[in-house]
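Residue-level listing of the chains:
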Amino acid sequence: EYIENKGGFCSVFFSNGETPGEAAPHKENIPADTQGVLVLGGDGTLIRAAAALVKSRLPLIGVNLGTLGYLCELEEKDVFEAVDKLMKDDYMVEERMMLGGYGIKNGEILSADIALNDVVIHRTGALSVVNLIVYVNGEYLNTFRADGIIISTPTGSTGYNMSAGGPIVDPKAQMMLITPINDHNLSSKSIVISADEEDSKNARSLMEKLSGVELGKRRSQKDEMVEVSFDGDSKVRLEVGDRFVVRRAEDTAKICKLSSESFLEILRRKMSAYT
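Conventions we followed
- Residues numbered from 1 in each chain as written.
- Predicted model: local features only at pLDDT ≥ 70, side-chain atom pairs only at ≥ 80, totals over all residues.
- Heavy atoms only, no water.
- Core = buried A, V, L, I, M, F, W, Y, C linked by side-chain atoms within 4.5 Å.
- Buried < 20%, exposed > 50% of the residue type's maximum accessible area, 1.4 Å probe, protein only.
- Helix = DSSP H or I, 4+ residues; strand = E, 2+ residues; numbered from the N terminus.
- Contact = heavy atoms within 4.5 Å.
- Polar contact = N/O pair within 3.5 Å; in protein donor to acceptor, adjacent residues only side chain to side chain.
- Salt bridge = Lys/Arg side-chain N within 4 Å of Asp/Glu carboxyl O.
- Arc of directions from axis to C-beta.
- Pairing = 2+ DSSP bridges.
- Phe/Tyr/Trp six-rings, centres within 6.5 Å; stacked < 30°, edge-to-face > 60°.
- Axes fitted to C-alpha atoms, helices over the stretch in contact; angles between N-to-C directions.
- Patch = residues over 30% accessible without salt bridge, like charges linked within 9 Å, V, L, I, M, F, W, Y side chains within 5 Å.
- Areas by Shrake-Rupley, 256 points an atom, 1.4 Å probe, with all protein chains shown as cover.

*Asks:* Could you clarify how one ought to interpret the nonpolar core in this entry?
*Replies:* Soluble globular proteins tend to bury their nonpolar side chains together. Core analysis: the largest hydrophobic core is formed by 26 residues, its most contacted members being Val119, Ile121, Val228 and Phe244. Of the residues forming this core, the biggest block, four residues, is contributed by strand 8 (residues 130-136). Not counting the four nearest positions on each side in its chain, Val119 is found in contact with Leu99, Ile149, Ile150, Ile151, Val228, Ser229, Phe230, Phe244 and Val246. If you look at the next biggest cluster of nonpolar residues, it comprises 23 residues, including Ala49, Cys72, Ile266 and Leu267.

Right under this line is the structure:
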């Protein structure tokens, strides 16, 4: 009603919060002259909406109805002032890198997906560590004996990556963070690589050069399994010998920014309020 009183128009979509594909309206159901999307919820809601709407190229701004809300710039009390600024085109748009990935099983490519925060490869079934062999550009990097591994964007650095002891990175940076989860090693560290450290986008080249993360054999039964989650939603299951390729996605998320607060100011304010 407030937007319409200001001379604009608005349609509303309610997500059920359970079905990943229903995190936002399908592109064909979005009015052609839509200029932006206000996402009401928490960080998870904004992350799911960003992935679902990535092909629409619409800028998003989050309204935090949850707790921390690090990615959501607005609080409930700020909404009307924010609408005024948006209607006056008084905002900036930040391009946030995303991750794309797919599994490879017996030479066949499994379904691909995209993530704004992170791709997490984690154990499933028995409570035992798994061997995760990591390659970058076809070159062996390291083998982690761990519960799993987090491959994060800079935007996702303040999420699961941070909880697992990974570094916090400016969300506008262009890099990928590799952080093991409970690595069975006295000196385990996160590894930061350039977002451009990837093989040819040709799938055959990727398979031949063995890029990505391979689930290695740890015991004779070879019955270990892992799940791969995109921004918390499980998508792919892998067995020993299978591998998963993660690279910088061609698409980016467009996030509206109304405040002139720096990344460090927001970080300090949000984290101090949360603790």
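*Asks:* When you look at the side chain of Thr179 in this model, what are you seeing that I'm missing?
*Replies:* Among the secondary structure elements, Thr179 is positioned in strand 11 (residues 175-181). Of note is the side chain of Thr179, whose polar atom sits 2.6 Å from the side chain of Asn161. In this structure, Thr179 is in contact with Ile149, Ile150, Asn161, Ala164, Gly166, Pro167 and Ser190, ignoring residues within four places of it in sequence.

*Asks:* It is not clear to me how the pattern of salt bridges should be interpreted in this structure. Could you clarify?
*Replies:* Tallied over the entire structure, the rule returns 10 salt bridges. With a shortest N-O distance of 3.4 Å, Asp84 and Lys6 are connected by a salt bridge. One end of the pair, Asp84, is in helix 3 (residues 79-87); the other, Lys6, is in the loop between helix 1 (2-5) and strand 1 (37-41), with 78 residues separating them in the sequence. Take Asp84: its relative accessible area is 22%, and that puts it in the partly exposed class. In this structure Lys6 comes out as partly exposed when scored by relative accessible area, which is 44%. One salt bridge connects Lys172 with Asp170, and the closest N-O pair in it is separated by 3.3 Å. Residues joined in a network through salt bridges with shared partners are Lys105, Glu239 and Asp242.

*Asks:* Would you mind showing me how to read helix 3 here?
*Replies:* Structural remark: α-helix, 3.6 residues per turn; residues separated by three or four positions point the same way. Every buried residue of helix 3 is accounted for by Val79, Ala82, Val83 and Leu86. Each buried residue of helix 3 sits inside an arc of 105° when the element is viewed along its axis, so together they form one side. Buried residues along helix 3 sit in contact with helix 1, strand 1, strand 2 (60-64) and strand 3 (74-75). Taken from the residues just after helix 3, Asp89 is the one with a positive phi, measuring 60°.

*Asks:* How should I be thinking about the pairing of strand 11 in this particular structure?
*Replies:* A regular strand carries its side chains on alternate faces of the sheet. Counting buried positions over the seven residues of strand 11 gives six, a clear majority of the element. Bridge count between strand 10 (residues 148-152) and strand 11: five bridges; the pairing is antiparallel. The partner of Ile150 across the bridge, within strand 11, is Thr179. Here four bridges tie strand 11 to strand 12 (residues 191-194), and the two strands are oriented antiparallel to one another. Pairing of Leu177 across the sheet is with Val192, part of strand 12.

*Asks:* Sorry, what's going on with the environment of Val83 here?
*Replies:* Positionally, Val83 belongs in helix 3. Looking at Val83, the relative accessible area reads 6%, which means it is buried. Spatially, the C-alpha atoms of Val83 and Ile3 are 7.0 Å apart, while their sequence positions differ by 80 residues. Dropping the residues within four chain positions of it, Val83 is found in contact with Tyr2 and Ile3.

*Asks:* What is the right way to look at the packing of aromatic side chains in this model?
*Replies:* Scanning all chains against the criterion turns up three aromatic pairs. Ring centres 5.9 Å apart and planes at 70° place the aromatic pair Tyr135 and Tyr140 in the edge-to-face group. Take Tyr135: its relative accessible area is 18%, and that puts it in the buried class.

*Asks:* Any chance you could explain the side chain of Asp183 here in plain terms?
*Replies:* Turning to its location among the elements, Asp183 is positioned in the loop between strand 11 and strand 12. With sequence-adjacent residues up to four places away left out, Asp183 is seen in contact with Phe144, Arg145, Ala146 and Ser188.

*Asks:* I'm lost on the sheet that holds strand 10 in this one. Help?
*Replies:* One key point about sheets: their strands pair by backbone hydrogen bonds, in either a parallel or an antiparallel sense. Taking strand neighbours across the sheet as the criterion, the six strands line up as 12-11-10-7-14-15 in an open arrangement whose pairing is antiparallel. Two strands lie at the open edges of the sheet, namely strand 12 and strand 15 (233-239), each paired on one side alone. Neighbour to neighbour, the strand axes of the sheet diverge by 20° on average, direction disregarded. Where strand 7 (residues 118-124) meets strand 10, five bridges bridge the pair, whose relative direction is antiparallel. Its bridge partner lying in strand 10, Val119 is registered against Ile151.

*Asks:* What is the right way to read a nonpolar patch on the surface from this model?
*Replies:* On the surface, a nonpolar cluster with roughly 260 Å² of combined accessible area is contributed by Leu38, Leu40 and Leu65. Position of Leu38 among the secondary structure elements: in strand 1. Owing to a relative accessible area of 31%, Leu38 belongs among the partly exposed residues under this scheme.

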